[in-house]
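Structural description and commentary
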Amino acid sequence: MSRIKTTFDALKASGRKALIPFVTAGDPHPTATVDLLLAMAEAGADVIELGVPFSDPMADGPVIQRAGERALKQGVSLRTVLAYAREFRARNDRTPLVLMGYANPVERYGLDAFVADAKAAGVDGVLIVDYPPEECEEFAARLRAAGMDAIFLLAPTSTEARMAQVGRLASGYVYYVSLKGVTGAGHLDTAAVAEAVPRIRRHVSVPVGVGFGIRDGVTARAVADVSDAVVIGSKLVELLERQPADNVALTGAAFIREIRAALDKD
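Sequence positions are assigned chain by chain, starting from 1 and proceeding in written order. Per-residue local features are limited, in this predicted model, to residues with pLDDT of at least 70; the limit for side-chain atom pairs, both in listing and counting, is 80 or more; totals at the level of whole chains, interfaces and linings are taken over all residues. Just so you know, side-chain values use all the structure's heavy atoms and leave hydrogens and water out.

**Focus: the confidence of the model for the protein**
To keep it simple, the criterion reads: pLDDT is a residue-level measure of predictor confidence that goes from 0 to 100. We call two residues in contact when some of their heavy atoms are within 4.5 Å.
Summary statistics for the protein give a mean pLDDT of 93 and a share of 96% for residues scoring 70 or more. Contacts for the low-pLDDT stretch residues 181-185, under 50 throughout, to residues beyond four places or in other chains number 14 contacts.

**What about the packing of aromatic side chains?**
For the record, the criterion: To pair, rings of Phe, Tyr and Trp, with the six-membered ring standing in for Trp, must have centres within 6.5 Å; the planes then decide the type, stacked if under 30 degrees apart, edge-to-face if over 60, and tilted in the middle. For every residue, the accessible area (1.4 Å probe, protein chains only) is compared with the maximum for its type, and the residue is labelled buried under 20%, exposed over 50%, or partly exposed between those bounds.
Going through the model one piece at a time under the given rule, you end up with six aromatic pairs. Seen from their ring centres, tyrosine 131 and phenylalanine 139 are 5.4 Å apart, and the 70° between their planes marks the pair as edge-to-face. Pair check on accessibility: tyrosine 131 and phenylalanine 139 agree, each one buried. Every member of this aromatic cluster is reached through a ring pair, and the members are Tyr109, Phe114, Tyr131 and Phe139.

**As for the nonpolar core**
Keep this limit in mind: Only buried Ala, Val, Leu, Ile, Met, Phe, Trp, Tyr and Cys residues count toward a nonpolar core, and they belong to the same one when joined by side-chain atoms within 4.5 Å. Under the DSSP-based scheme used, a helix requires at least four consecutive residues in state H or I and a strand at least two consecutive residues in state E, with every element numbered from the N terminus.
Met40, Leu50, Phe114, Val123 and Phe139 are the most contacted members of the largest nonpolar core, which has 75 residues in total. Per element, the largest residue contribution to this core is eight residues, and it comes from helix 2 (residues 33-43). The contacts of leucine 50, once residues within four sequence positions are left out, are Phe22, Val23, Thr24, Ala25, Thr33, Leu37, Val81, Tyr84, Leu97, Val98, Leu99 and Met100. Ile20, Val98, Ile151 and Phe212 belong to the second-largest nonpolar core, a separate cluster that totals 24 residues.

So, in structure tokens, the structure goes:
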């Protein structure tokens, strides 16, 4: 059983919802990444999404674009990200780690080499933004064979047929993008999320996480009330981007504790 499934099963048994922060590997300081991951896990993150920097992040808004640019300028590559994963896993063997990024760095690395090295590094799941389900059945199968989960995005524009395709291939969880547009954009419509999640659940058997537009404890709790997990990226990356290296982990942990407390409040 994967760490992701074990984590979600334990949360469900205790009546709690998953908190999934996203950060860009190497941002704002490469030396702070692993300590940030460890601090967020200790503060209450249930799963962590680690973004692989890419020069053309078409689905990301300005905040995460800037994070990727900063990381790339400091020489952070997919190999660097895998090294972070190995170091994190050597110090934390319980918190699932998901790599999130785009197809180009993975294909340049080589699919077989990536799957093997990600597995060896202790990665638990992979979400490739620009791999639609109909084009990556083989990749999803390779991940599953290596004991890793293939995680997919769904959006307000996703058709019933697309949801069914994702339902056939997805493991771990699915990530519902609650807004049209790029990360960090728009106003979260919790009523629309509450309507969309049951539709998704008719097609998928794995937990449904919701992201985009969640910026504080109030919006996180509202989303958690109608989903299995809350994914927070842009607000966290924005909080971190101006921090000195020795304050990155402290800032990330404080934010996670705040959101965790809102999710767990009676």
